[in-house]
Every structure is written in structure tokens, then in C-alpha cells.
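Examination of the molecular architecture
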Amino acid sequence: MLKRIILRSLLGIIFVVTSIVLIFVVANWQDQALRPEVQASLDWKAPQHIEDDNGYLILLGINAKNGFDPLSVGKRKLELDLIRYEREPNSSEYESEEESFKKSDDEVCEYAKTVNCVDFYISRSLGREQEIIESRRVLSEHLNLILTSKDFTEIAPPFIAASIPPYSTMVHAMEIERMRAIRLIANGQSEQGMAALMKIATFSQRWLENSTFLISHMIALSAVQRDIRIVDELLQRFPNLNNQYAAIKTWLEGFSEKKMSISRALNFESRISLRIMHDLRLESGDPQNSWWQGFMFNLLNRPNASLNLAYDWQQVWPTLADQSGRDYLVKKNEVKAKQDALLGFGFSKIYLRDPITKVLLDVSTPGYEAYIEKHIDTFAQIHLFATKMELLVGKVPLSAIPQAVQDLAKRYPNPYDGKPVGWDVKKNQLFIQLLQESNQRYQKSKDLRLDVLSGAAVET
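On a predicted model such as this, the values are computed, not experimentally measured, just so you know. (Residues numbered from 1 in each chain as written. Predicted model: local features only at pLDDT ≥ 70, side-chain atom pairs only at ≥ 80, totals over all residues. Heavy atoms only, no water.)

1. Focus: the overall build of the chain
A tally of helices and strands in the chain yields 19 helices and five strands. For the chain, with 460 residues in total, the buried portion stands at 49%. Pairs at least 24 apart in sequence give 75% of the contacts found in the chain among residues at least 6 apart. Total accessible area on the chain is roughly 23,600 Å²; 54% of this is exposed by carbon and sulfur atoms. (Helix = DSSP H or I, 4+ residues; strand = E, 2+ residues; numbered from the N terminus. Buried < 20%, exposed > 50% of the residue type's maximum accessible area, 1.4 Å probe, protein only. Contact = heavy atoms within 4.5 Å. Areas by Shrake-Rupley, 256 points an atom, 1.4 Å probe, with all protein chains shown as cover.)

2. Notes on the packing of helix α9 (residues 190-210) against helix α11 (residues 245-252)
The contact between α9 and α11 brings their axes to 10 Å, and the two run at 5°. By the angle between their directions, the pair α9 and α11 is classed as roughly parallel. Contacts between α9 and α11 pair Met194, Met198, Ala201, Thr202 and Gln205 from the former with Ala247, Ile248 and Trp251 from the latter. Tallied by class, the residues present in the contact of α9 with α11 amount to six nonpolar, two polar and no charged. (Axes fitted to C-alpha atoms, helices over the stretch in contact; angles between N-to-C directions. Parallel < 35°, antiparallel > 145°, perpendicular 65-115°, else oblique. Nonpolar A, V, L, I, M, F, W, Y, C, P; charged D, E, K, R; others polar.)

3. A word on the sheet that holds strand β3 (residues 422-424)
Strand order in the open sheet formed by three strands is β3-β4-β5, and the pairing between neighbours is antiparallel. At either end of the open sheet lies a strand with only one pairing partner, and these are β3 and β5 (447-451). Averaged over all neighbouring strand pairs, the angle between strand axes comes to 30°, with direction disregarded. In the sheet, strand β4 (residues 429-433) pairs with β5 via five bridges, with the strands oriented antiparallel. When the sheet's bridge partners are listed, Gln429 is paired in β5 with Asp451. Contacts between helix α18 (residues 369-393) and the sheet are confined to β4 and β5, with β4 contributing the most and set at about 165° to the helix. (Pairing = 2+ DSSP bridges.)

4. What about the side chain of Glu390?
Locating Glu390 in the fold gives a position in helix α18. Apart from residues lying up to four places away in sequence, Glu390 is in contact with Lys249, Val396, Leu408, Arg411 and Tyr412.

5. As for the state of the cysteines
Taken as a whole, this structure holds one disulfide when the rule is applied. Note on cysteine connectivity: Cys109 is disulfide-linked to Cys117, with sulfurs 2.0 Å apart. As the torsion about the S-S bond is roughly -65°, the Cys109-Cys117 disulfide counts as left-handed. Here Cys109 matches Cys117 in class, with each residue buried. (Disulfide = S-S within 2.5 Å.)

6. Quick word on the pairing of β4
The pairing of β3 with β4 spans three bridges and is antiparallel. The partner of Gly422 across the bridge, within β4, is Phe431. Connecting β3 to the next strand, β4, in antiparallel fashion are four residues, including Asn428 with a positive phi near 55°.

7. A look at α18
With 25 residues, α18 ought to run about 36 Å at 1.5 Å a step, and its terminal C-alpha atoms sit 36 Å apart, in line with that. With 20 of 25 residues buried, α18 lies mostly within the body of the structure. Of the residues one or two after α18, Lys395 is the one with positive phi, at around 50°. (Expected span 1.5 Å × (residues − 1).)

8. Some details on unusual backbone geometry
For Lys395, which is not a glycine, the phi torsion comes out positive at approximately 50°. Looking at where Lys395 falls in the secondary structure, it is placed in the loop between α18 and α19 (401-408). Residue Lys395 is classed as exposed on the basis of its relative accessible area of 63%. In this model, Asn428 sits at a positive phi of 55°, which is unusual for a non-glycine residue.

9. Here we look at the environment of Val421
On the secondary structure map, Val421 appears in the loop between α19 and β3. In the structure, Val421 is positioned 41 residues away from Ala380 in sequence and 8.8 Å away in space, judged by C-alpha atoms. Contacts of Val421, omitting those with residues within four sequence positions, involve Leu384, Thr387, Val405, Tyr412, Asn414, Leu430, Phe431 and Ile432.

10. Focus: the confidence of the model for the chain
Fine structural detail should not be taken from predicted coordinates in areas where pLDDT scores are low. Here the chain averages 87 in pLDDT, while 85% of its residues score no lower than 70. Predicted confidence for residues 454-460 stays below pLDDT 50, and this span has 16 contacts to residues more than four positions away or in other chains. (pLDDT = per-residue confidence, 0-100.)

11. Digging into the side chain of Glu269
Within the secondary structure layout, Glu269 lies in helix α12 (residues 263-283). Within the buried core, Glu269 has no salt-bridge partner, and the shortest N-O distance to an opposite charge, that of Arg271, equals 11 Å. Once you skip the residues sitting within four places of it in the chain, Glu269 turns out to touch Leu214 and Tyr368. (Lys, Arg positive; Asp, Glu negative; His and termini not counted. Salt bridge = Lys/Arg side-chain N within 4 Å of Asp/Glu carboxyl O.)

12. Remarks on the pattern of salt bridges
Any two side chains of opposite charge can pair, so long as their charged atoms come close to each other. Taken as a whole and assessed by the stated rule, the structure comprises 27 salt bridges. Put simply, Glu110 and Lys113 hold a salt bridge, and the shortest N to O gap is 3.6 Å. Looking at Glu110, the relative accessible area reads 39%, which means it is partly exposed. Where Arg178 meets Asp227, a salt bridge forms, and the shortest distance between an N and an O atom there is 2.9 Å. Of this pair, Arg178 sits in helix α8 (residues 167-186) while Asp227 is found in helix α10 (residues 214-237), placing the two residues 49 residues apart along the sequence. Taken individually, Arg178 and Asp227 each receive the classification buried, so the pair is uniform in this respect. Connected through shared salt-bridge partners, Glu175, Arg178, Arg226 and Asp227 make up one network.

Written as C-alpha cells, this is what we have:
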């Protein structure tokens, strides 16, 4: 009797397990057709001809040792990355022609910890400044090659193991040039100093417009924030820079929310996600995996359906990034609902169809709201500073500023609500409230304020 009970219990368990497996097998039996847009996203190819005039190649080799050509070093690094992407044997390693980049703590201004970076640079001894400039002579030469290049197009294969370009080195070199420009202006050479500063600031714009990778886009945003802060601090310290207003306005007019959208970088992130899903299927056949692992993966995974799903999952973010600031605040709350709809039926993160893919997407894919908000914050900062410049150029009296700010809202609104930027009549400050902290603002403040000096906007 006991044996029968045990046997029936075992058969019952086997039946239940078999039934569950069959349900999953039937649910995942028929794959989908790979959609054309998904296939197009997977079909990344390196450019047939990569021109030497591309400053991105020099960036890749910016850490080249003295006496080595940074362009040649950069081209070689890109070539090796492309070989790795194509899974070709990497038999042509070369002895490193680069040196590690290290900087001392007092070399450049720490924006988040320093009240005024212009004051920081001007107060430092000329001897220390010249020592820093001489120690970075080769780095400055490499940066100048980037700044004067005809093109700056980022080229990298969309896979997670791709090398990260030495952006930190370029950012440091750009800061050294800001430091030199500030010294020229402090010495009375305002035209020469502003030209040097605008050379850096114009490149920051070009970099932001051409940024393809998310990390690149975010660092380019930081470079733009630094440019705005330095120019504003210079205007506060040197009111006689009013003869440079035209150059500053021309630079500000070069910003374009449409051309500099973060959606391009988020689309590249989508390509990387697709590549991961594509490679997972290849790795399921790895001889190091057990037969059972490979069998279960292929049994419960529809390759094309998984790629279609991963594409739709990632496209939620570029679509959100393309919204205006006002629409973004509304639609960001819809992201979770859209992704839940893509996951479909499931219980406790177990899904009937494509369970492996859905679990991977649900637990491993980050949200991108903070990145999008930092992007919008930067344009809020641009609009705030552009509003200040219009007041200064127009010599708007303090009493007329409230109406002028209202009128300028058509061109430079608060991106998050479309209303005019704020005006604090007691402190003579323009202000705007941002959503994200930034290392380029003192104490990472979200309350961004710009003084409108009474000497520049005279009361009449």
C-alpha cells in the first residue's frame, strides 16, 4: 500500500513537472520573423574608409608618449577593437606606445568644491601655472590636433567589451586651455583670451553634437557646463568684457536641442543590448557549458523573438528622450507600464514566453531617466545663461528685467515647464531649478542662479 502511495506521488510529481515543461515548450515553440529595423540595428559595419582628419582617432591616441604620433596610435587601437568585434584572431598585438595619465590634486579647479574657478586660477602663482603648462606641453599639442581637425566622428563597434576612449585625458587638456585663456584675460588680453576660450567651447558643442556613445554624451555635457560657468565667472570679474559679448552670443547660438539630442547615444546603447542578446545564443553552444544548459536555453528561448523584444525594450528610452522637457516629465511615468506590457504574462519574474530573455531584461537593464534629465538640465543652464546675455547685450535696466524675461521665454524657456526662467528681484539673480546633481556646479547644487550685475544692466 505504501509503495503504491509513493509510486503515485512520484508519478504525480513527474506528471506536474512534465506538464509545466510542455506548457513552456509549446508557448515558446514558434519563433518570430526578425523585424527589418532589428536586423538593421544588428548589422553594424565599420566605415570602409576612415579619414585621418577625424579628431576622434587622435583622441584614441591622445596618451601617446612624446615622440609617437597620436593619430597612428589611435588608428591602431581602433583597428584592434574592430578585430575583437569581428571575433577574429588578435595576432597583431603591439608594444604600448602610450603612457598612463596622472594629475596632481591642485592642477585644475575642482568645480564641485570651488566657489569660483576663475578666482582659483587667477590667485595661483604664475610659477606654479607655468610648471603645469610645461608638464602638459605634449598633451596640449595633441589636444590642438583634435581641435583643428576637420571632423570628429566617434567610431566604435557596439559591444560591451569595446575599449573606452581616454576622455578624462582630453577633458583635463581642455581645462588646461581654459586656465591659459583665463590668464590672458586677466592680463588684459581679452580678445586673445576669449578667442582661446571660444575655441574650447566651440569644440565642446561639436563634441556634444557628434557624440555617439552614452558616456561620451554625458562627458560632453559636462564640458559644456564648464564652458558656461567659466564664461559667466569671467563676466562677473571683468565687466569690461562687454566688447566680447558678440563672440559669446555667436557661441550660444550654436546650440541646438534637436541636433544635440541624447537619443542618438541611447540608440547606440540599444545596439549593444541587441549584440548581447545575439551573443548569448552563440554562447549557449559553448563546449564549456553542460548539455543540459544548452538544451534548456534553446528550448525556452526564441532567438528572433528575443531580439525583437530587446529592441522594443530599449527603444522606450530614445523615444522618451525625443520628448520636450514638459512632455518628458509626463511620459517618464509611463515607462514602467510600457515595459511591463512588453514582458507580458508572468508571476514573480517567471514568464511564460521567452522567460530567459525577459528575466535578463528586467533585472539587468538600467533606467536612463537620470541621463536624460542631465541632458535637459544642461539645456536649462544654456537657456538661463542665454537669457542673461540678452539682458547684458540689450543693457536692460533692472526695472525692465521682469518683462524682458517674460519676452525671452519664447526663445529661452525653462525646458521643464515652458515658462520663463525665474527672476529674483531682491538678489538681482536669474534662477532655475534643475533635476540632477552635477560635478560641474559648486556643491552640486540643483538651484542654479546667475547674478545680473547692476553695472551691466543699469537702472534708469
